Amino acid sequence: MLQTQALVLQELGAPFKLCDIELQDPQPNEVLVKVTACGLCHTDLIIQAGVFPSPFPCVNGHEGAGTVLSVGSAVTRVQPGDEVLLSYANCAECGYCTMGRPAGCVGFMDRNFGRVRNPSVGAAPVGTLAGTDIPVHGTFFGQSALARHCLAVETSVVKVPKGLDLALLAPLGCGLQSGAGAVLNMLKPAESSSVVVFGLGAVGFGAVWAALYLKVKTVIVVDLVPSRRDLALSHGATHAFDGRSPTLLHDIQHATEGLGAEYAVEATGVERVLRTAWECIRNLGRVVSVGNPGPGSRTPFDITDQVNSSKTWSGLVEGDSNPPVFIPQLMQMHAEGHFPIESIVRNFPAEEFDQALAAMKSGEVIKPVILF
Ligand SMILES: [Zn+2]
Ligand SMILES: [Zn+2]
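Predicted, not measured: the structure shown is a model, and the values here were computed from it.

A separate point is helix 12 (residues 353-362). A turn of α-helix holds 3.6 residues, and therefore any two residues three or four places apart point the same way. Within helix 12 the residues assigned to the buried category are Phe353, Ala356, Leu357, Ala359 and Met360. The buried residues of helix 12 occupy one face: seen down the axis, they fall within an arc of 165°. Exposed residues on helix 12 whose side chains face more than 90 degrees from its buried face are Asp354, Lys361 and Ser362. Looking at the buried side of helix 12, the elements it contacts are strand 1 (2-9), strand 2 (16-23), helix 1 (42-49), strand 17 (345-349) and strand 18 (367-371).

Next up, the structure:
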């Protein structure tokens, strides 16, 4: 048992509050991590808002980074003293996991949203509110790293070389790999092709940097915030359009030989934008939906239109990445100057979480990272 602090959601809709908690010892498949930093992602907020069901009180956070303090008896991936980034969890046993594509894991929802620690204890709490016997639920994306310490399941842990800037690299665990994976793992655009990215958050920038890394000829960004469009242009995007522009579709067509783009990455999850993403691609083109509109959303197109245009609509979670392989690849791109994470992050101490949240919601900061 370890006494520590975590940003706890006491109940549905409650604010994130730094609370004392008592954390259990690791299960055989878990790693106790002293958290250095954790990126803040919209998926943390949709738990607060109840878009996906969750037990409360709970700890969230799924872009953690830190140092391993101890490991459960079955853990082989890391040992105490190792520095790690945390990503998403998987069962490690199903056909998808054993073929190295854990984003397809049959247990993805249980392991990442269902707070399942392992098959023997199931969705058990990870500790209690200090001085009480009120259970606290963790294991969000196998980690719940908005805390000074967390119990991470082994499959979510990626060992990295010591001495790196862990706070800077933390957002690789979800947002950035989701966007980069859409381009590098799924679309794989040719240099001669065109990619439109809707929504310049961490996912969108991950997609833009990946497309530029592949030397894609036409990289178009669409966002409501001028400073974000300017930032993408300064990184090498070829066109930037205001999402509110009445000539948006025409402008995208004009930039793509009049045919529309070959690929679109949709990172907003906003219904109107989903429709634009569909309409802006050319025949035989492909949209990959990374932004999550929440349960109950419907496709923004007519199947007959889809058949006759030979267009493809794909969903994608976590960039179809295998984190222990893909995250080091992104770190290498960063080291070579192709993945300028520092241009979108701002650090906030855990005590200033409310400011971090406000800065994210107002659009002022693209990726707040919470320091513990
Ligand atoms: Zn699996
Ligand atoms: Zn996320």
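Looking now at the coordination of the zinc ion (ligand 2). Every protein donor of the zinc ion (ligand 2) is listed here as Cys41 (SG), His62 (NE2) and Cys174 (SG), and their distances to the metal cover 2.1 to 2.2 Å. Here the donor residues of the zinc ion (ligand 2) are spaced in sequence according to C-x20-H-x111-C. Here His62 lies in the loop between strand 4 (58-59) and strand 5 (64-71) and Cys41 lies in the loop between strand 3 (30-39) and helix 1, a separation of 21 residues in the sequence. Note on accessibility: Cys41 and His62 belong to one class, buried.

Along the chain, the position of Glu30 falls in strand 3. Among the polar contacts made by the side chain of Glu30, one reaches the side chain of Arg117 at a distance of 2.8 Å. Among residues more than four places away in sequence, those in contact with Glu30 are Asp25, Val71, Gly72, Val75, Arg117, Leu151, Ala152 and Val153.

Another aspect to go through is the sheet that holds strand 2. The strand order 4-1-2-7-8 describes an open sheet built from five strands, whose pairing is antiparallel. The sheet terminates laterally at strand 4 and strand 8 (135-136), the two strands that pair on one side only. Two elements, strand 2 and strand 7 (residues 127-129), share three bridges in a ladder whose sense is antiparallel. Within strand 7, the position partnered with Leu23 by the bridge is Gly127. Helix 1 contacts strand 1, strand 2 and strand 4 of the sheet and is inclined by roughly 90° relative to strand 2.

This part is about the packing of helix 6 (residues 202-213) against helix 7 (residues 226-235). In contact at an axis separation of 10 Å, helix 6 and helix 7 are set at 20° when each is read in the N-to-C sense. With respect to each other, helix 6 and helix 7 are oriented roughly parallel. The element helix 6 and its partner helix 7 pack so that their crossing is right-handed. Across the interface between the two elements, Phe205, Trp209 and Leu212 of helix 6 pack against Arg228, Leu231, Ala232 and His235 of helix 7. Residue composition of the contact of helix 6 with helix 7, grouped by class: five nonpolar, one polar and one charged.

Turning our eyes to something else, we now look at the coordination of the zinc ion (ligand 1). Every protein donor of the zinc ion (ligand 1) is listed here as Cys91 (SG), Cys94 (SG), Cys97 (SG) and Cys105 (SG), and their distances to the metal cover 2.3 to 2.4 Å. Coordination geometry of the zinc ion (ligand 1): the four donor atoms subtend angles of 103 to 119° at the metal centre, consistent with an arrangement described as tetrahedral. Read in sequence order, the donor residues coordinating the zinc ion (ligand 1) give the pattern C-x2-C-x2-C-x7-C. The exposure class assigned to Cys91 is buried, which follows from its relative accessible area of 16%.

Cut-offs used in this document
- Residues numbered from 1 in each chain as written.
- Chains lettered and ligands numbered in written order.
- Predicted model: local features only at pLDDT ≥ 70, side-chain atom pairs only at ≥ 80, totals over all residues.
- Heavy atoms only, no water.
- Buried < 20%, exposed > 50% of the residue type's maximum accessible area, 1.4 Å probe, protein only.
- Helix = DSSP H or I, 4+ residues; strand = E, 2+ residues; numbered from the N terminus.
- Arc of directions from axis to C-beta.
- Contact = heavy atoms within 4.5 Å.
- Donors = N, O, S within 2.8 Å, 3.2 Å for Na, K, Ca; no water.
- Polar contact = N/O pair within 3.5 Å; in protein donor to acceptor, adjacent residues only side chain to side chain.
- Pairing = 2+ DSSP bridges.
- Axes fitted to C-alpha atoms, helices over the stretch in contact; angles between N-to-C directions.
- Parallel < 35°, antiparallel > 145°, perpendicular 65-115°, else oblique.
- Left-handed = near helix turned anticlockwise from the far one by under 90°.
- Nonpolar A, V, L, I, M, F, W, Y, C, P; charged D, E, K, R; others polar.
- Tetrahedral: all angles 85-135°; square planar, octahedral: opposite > 155°, others 65-115°.

Shape descriptors only; they carry no functional weight alone.
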